[in-house]
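Structural characterization, general
Each chain is listed here by its residues.
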Amino acid sequence: MTRAFGAGVLAVQARARRYRTEVTERRLLLVNGPNLNLLGTRQPEIYGSTTLADIEKSVTALAAEFGFEVRAVQSNHEGALVDAIQAARTDCAGIIINPAAYSHTSVAIADALTSVELPVAEVHLSNIHRREEFRHHSYVSAVAEMVICGAGAAGYEYAVRYLVGRV
Ligand code: CA2
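In what follows, the accompanying structure is described. All values reported here derive from a predicted model rather than from experimental measurement.

Some details on the packing of helix 4 (residues 78-87) against helix 5 (residues 107-116)
At a minimum axis distance of 9 Å, the contact between helix 4 and helix 5 shows a crossing angle of 5°. By the angle between their axes, helix 4 is roughly parallel relative to helix 5. The segment helix 4 lies against helix 5, with Glu78, Leu81, Val82, Ile85 and Gln86 engaging Ala108, Ile109, Ala112, Leu113 and Val116.

What to know about the site of the ligand
In the vicinity of the ligand, 16 residues are found, and the nearest of them are Asn35, Arg42, His124, Leu125 and Ser126. The residue makeup of the shell around the ligand, split by class, is 8 nonpolar, 6 polar and 2 charged.

A few points about helix 6 (residues 154-166)
Across its 13 residues, helix 6 extends 18 Å between first and last C-alpha, which sits within 8% of the 18 Å expected from 1.5 Å per residue. Within helix 6, burial applies to Gly155, Tyr156, Ala159, Val160 and Leu163. Viewed along the axis of helix 6, the buried residues span an arc of 145°, placing them on a single side of the element. Where helix 6 is buried, its residues meet strand 1 (27-32), helix 3 (52-65), strand 3 (94-98), strand 4 (120-124) and strand 5 (146-149).

A closer look at the nonpolar core
The biggest cluster of nonpolar side chains holds 39 residues, and the ones touching the most others in it are Leu28, Ile85, Ile95 and Ile96. For this core, the elements supplying multiple residues, two or more each, are strand 1, helix 3, helix 4, strand 3, helix 5, strand 4, strand 5 and helix 6. Discounting chain neighbours no more than four positions away, the residues touching leucine 28 are Ala63, Phe68, Val70, Cys92, Ala93, Gly94, Ile96, Val160 and Leu163.

Thoughts on the sheet that holds strand 3
Backbone hydrogen bonds hold the strands of a sheet together, and the pairing may be parallel or antiparallel. With parallel pairing, 5 strands are arranged side by side in an open sheet as 2-1-3-4-5. Of all strands in the sheet, those bounded by a partner on one side alone are strand 2 (69-74) and strand 5. Between one strand and the next, the sheet's axes are offset by a mean angle of 15°, whatever the strand orientation. Summarising the sheet, strand 4 and strand 5 pair through 4 bridges and their orientation is parallel. Across the sheet, alanine 121 pairs through a bridge with methionine 146, a residue of strand 5.

Notes on the environment of glutamate 45
If you trace the backbone, glutamate 45 turns up in helix 2 (residues 44-47). The sequence separation of glutamate 45 and serine 126 amounts to 81 residues, and the corresponding C-alpha distance is 9.8 Å.

Overview of the pairing of strand 4
Across the 5 residues of strand 4, 5 count as buried, placing the element largely inside the fold. Neither face of strand 4 is exposed, since Val120, Glu122 and His124 on one face and Ala121 and Val123 on the opposite face are all buried. Bridge count for strand 3 against strand 4 is 3 bridges, and the pairing is parallel. Residue pairing for strand 4: isoleucine 96 is matched across the bridge by alanine 121. Crossover handedness for the path strand 3 to helix 5 to strand 4: right-handed.

Calculation criteria
Residues numbered from 1 in each chain as written. Predicted model: local features only at pLDDT ≥ 70, side-chain atom pairs only at ≥ 80, totals over all residues. Axes fitted to C-alpha atoms, helices over the stretch in contact; angles between N-to-C directions. Helix = DSSP H or I, 4+ residues; strand = E, 2+ residues; numbered from the N terminus. Parallel < 35°, antiparallel > 145°, perpendicular 65-115°, else oblique. Contact = placed C-beta atoms within 7 Å. Near = placed C-beta within 6 Å. Nonpolar A, V, L, I, M, F, W, Y, C, P; charged D, E, K, R; others polar. Expected span 1.5 Å × (residues − 1). Buried ≥ 20, exposed ≤ 12 C-beta atoms within 10 Å, placed from the backbone. Arc of directions from axis to C-beta. Core = buried A, V, L, I, M, F, W, Y, C linked by C-beta atoms within 7 Å. Pairing = 2+ DSSP bridges. Right-handed = clockwise from strand over helix to strand, strands pointing away.

Structural data, given as structure tokens:
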């Protein structure tokens, strides 16, 4: 009786694992941090004229070519970004993140990215190393597998190509 129950539990766990594996391999989390909701409306000389909606659409379309879904999240709030990253642990295969200003300040976001144990691609539209000194350091870069900056919106597409080839 105990054995049968035990076997049932194992079967359920095996099914759950199979399901989680399938889902995990087919979804990327795309995270954009504070003020990136304003993309395309101001400072086009630095950030270009592409809107965040354009970026989310092109990332989604490109990922779909490789059989991946995309969950897109933008928030101006650090805790909401941490929550979105934590939620990806069980159902995403990788994370593309532009942490925006939190790149330079947030140990919490870096810790969340470490804790989910997923490959992380960090994207910056501008070349942060050619800008003010305070933008030269990113806490996220230390936990990201790949970092791309200065390529504009195309940087997100490079990140998709990296992650789908990686997972
Ligand atoms: O170059 C990037 O992608 C940044 O992550 C953008 C952040 C900045 O703090 C980082 O140093 C580099 C700022 C995003 C602000 O986005 C705006 C977009 C349009 C208008 C105003 C702000």
